[in-house]
Amino acid sequence: VEEQRARWERKRVRTAKELLETEYKYLEELDLVLTFFVKILKAKGTLKPAVLETIFGPLESIYLASHVLSLQLERGNLGPGLENFCPNLELYGHYAENLEQANKVLQEQLRKNKSFRRFKKLQETRPQFQGRKLEDLLPLPLQRLHQYRHFLRDLLENTRPGSADHQILAKAVKSVSEVSWWAQDIIRKRENSLELLRVQKLLKGQKTQVLTPGRWYVREGWLLVVPSKGEGLKRRMFFLFSDILIATKPCHPLHPLNSNKLACQAVYPLQQCIVAKVFGHTQSQGGLLSLSFPHKTLLLMSDDQQDINDWYQCLTDAVR
């Protein structure tokens, strides 16, 4: 038991030391943005206060909270330091919510505001930036949030249950996990919106509405449609979402406007769909899927075994 406790203590000390060292590095990077951008821009008035607030969000408050945490960690006050720090984690959630808008406004200002464009370029040439751009530094708090989660879990695992620090660390892990999920959910939703928008732009015309609240993009790919009568196989591009399957075919290559677009052939709601493998259970080449809808049955084929298995799994999950 004593040996185990000593091992725990060594790991705990090592993790606490690593947490402090990486916190110093993180503070240095945040300080670059605050010193060379936020403070100077505020003093010069190059950007309007509202624009400055949108681009940098609660970065100053995040820096101050981390600075206080680093001072506590230096003194060895791990438990109390984290206890005081955790209420500030909400700032990270708000920062994640604002990041997309921050990047949008930043790009807008770079297009419109010549003096800001010149200023940004000049600041980024400073040796402290080591070739990094402002865009590379803005996601830092979200990367750090991910690191906090790992550090705090390791500390909790190597802290003796029943000790005062164990209770504090358990609460800290819960807090950081909740905010981390919040941030990840924002990122997932943003990525999904971009996928929906991309597919909408690929389709000819606006008849098929891809951009619908609550809809999630799943996957896309070419499949062969097996016709019910003795016609030849038809190669179609399919887009699978959480609630529908869209079948499309390429527009004519010589069309003046839509040569690189896809024409929607059919939209299949997945609500009453039954998915089955007709063949493709063995390690043979490819397979055939049957999709049964109330008024139609669709037979889809691929000569790639892995591809048909993936489609089967994704369709089954989406229907479920």
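The structure displayed is predicted, hence computed values, not measured ones.

**Student:** With reference to specific residues and values, describe the overall build of the protein chain.
**Tutor:** When helices and strands are counted, the protein chain shows ten helices and seven strands. Here the C-alpha radius of gyration of the protein chain, 27 Å, is well above what a compact globule of 320 residues would show, namely 20 Å. Based on the C-alpha atoms only, the size of the protein chain along its principal axes is roughly 80 × 65 × 30 Å. Across the 320 residues that make up the protein chain, the buried fraction comes to 42%. Sequence separation of 24 or more characterises 58% of the internal contacts of the protein chain that already satisfy a separation of 6 or more. Just so you have it, the protein chain exposes about 18300 Å², and 53% of that area is on carbon and sulfur atoms. Here the protein chain contributes 48 positively and 35 negatively charged side chains, and the mean placements of these two sets differ by 8 Å.

**Student:** Mind laying out the packing of aromatic side chains, listing which residues take part and the relevant values?
**Tutor:** Throughout the structure, instances matching the rule amount to seven aromatic pairs. Between Phe36 and Phe129, the aromatic rings sit 5.8 Å apart at their centres with planes inclined by 65°, giving edge-to-face as the arrangement. Of this pair, Phe36 sits in helix 1 (residues 2–44) while Phe129 sits in the loop between helix 6 (114–124) and helix 7 (134–137), and the two are 93 residues apart along the sequence. Taking NZ or CZ as reference, Arg215 lies 5.9 Å from the ring centre of Phe241, over its face. When the ring centre of Trp222 is taken as reference, the NZ or CZ atom of Arg235 above it lies at 4.3 Å.

**Student:** Please provide a residue-by-residue account of helix 5 (residues 90–112), values included.
**Tutor:** With 23 residues, helix 5 extends 33 Å from end C-alpha to end C-alpha; this agrees with the ideal 33 Å at 1.5 Å per step. Its axis deflected by about 45° at Asn98, helix 5 carries its strongest bend there. Of all the residues in helix 5, the buried ones are Tyr92, Gly93, Tyr95, Ala96, Leu99, Ala102, Val105, Leu106, Gln109 and Leu110.

**Student:** Run through the pairing of strand 2 (residues 234–241), naming residues and quoting values.
**Tutor:** A regular strand places its side chains so that they alternate between the two faces of the sheet. By the criterion of burial, strand 2 is predominantly enclosed, with six of the eight residues buried. Between strand 2 and strand 3 (residues 244–250), which pair antiparallel in sequence order, lie two residues.

**Student:** Help me get a handle on the UniProt feature "domain: DH" (unreviewed entry) in the protein chain, residues and values and all.
**Tutor:** Within this structure's numbering, the places UniProt gives as "domain: DH" (unreviewed entry) are residues 11–186. Between the C-alpha atoms that bound residues 11–186 the distance is 34 Å, and the span itself is 82% helix and 0% strand.

Quick notes on the rules
- Residues numbered from 1 in each chain as written.
- Predicted model: local features only at pLDDT ≥ 70, side-chain atom pairs only at ≥ 80, totals over all residues.
- Heavy atoms only, no water.
- Helix = DSSP H or I, 4+ residues; strand = E, 2+ residues; numbered from the N terminus.
- Rg over C-alpha atoms; globule rule 2.2 N^0.38 Å.
- Buried < 20%, exposed > 50% of the residue type's maximum accessible area, 1.4 Å probe, protein only.
- Contact = heavy atoms within 4.5 Å.
- Areas by Shrake-Rupley, 256 points an atom, 1.4 Å probe, with all protein chains shown as cover.
- Lys, Arg positive; Asp, Glu negative; His and termini not counted.
- Charge placed at Lys NZ, Arg CZ, Asp CG, Glu CD.
- Phe/Tyr/Trp six-rings, centres within 6.5 Å; stacked < 30°, edge-to-face > 60°.
- Lys NZ or Arg CZ within 6 Å of the ring centre and 35° of its normal.
- Expected span 1.5 Å × (residues − 1).
- Bend = angle between axes of the 7 residues up to and from the residue.
- Pairing = 2+ DSSP bridges.
- UniProt positions renumbered as here; feature names shortened; annotations may be inferred.

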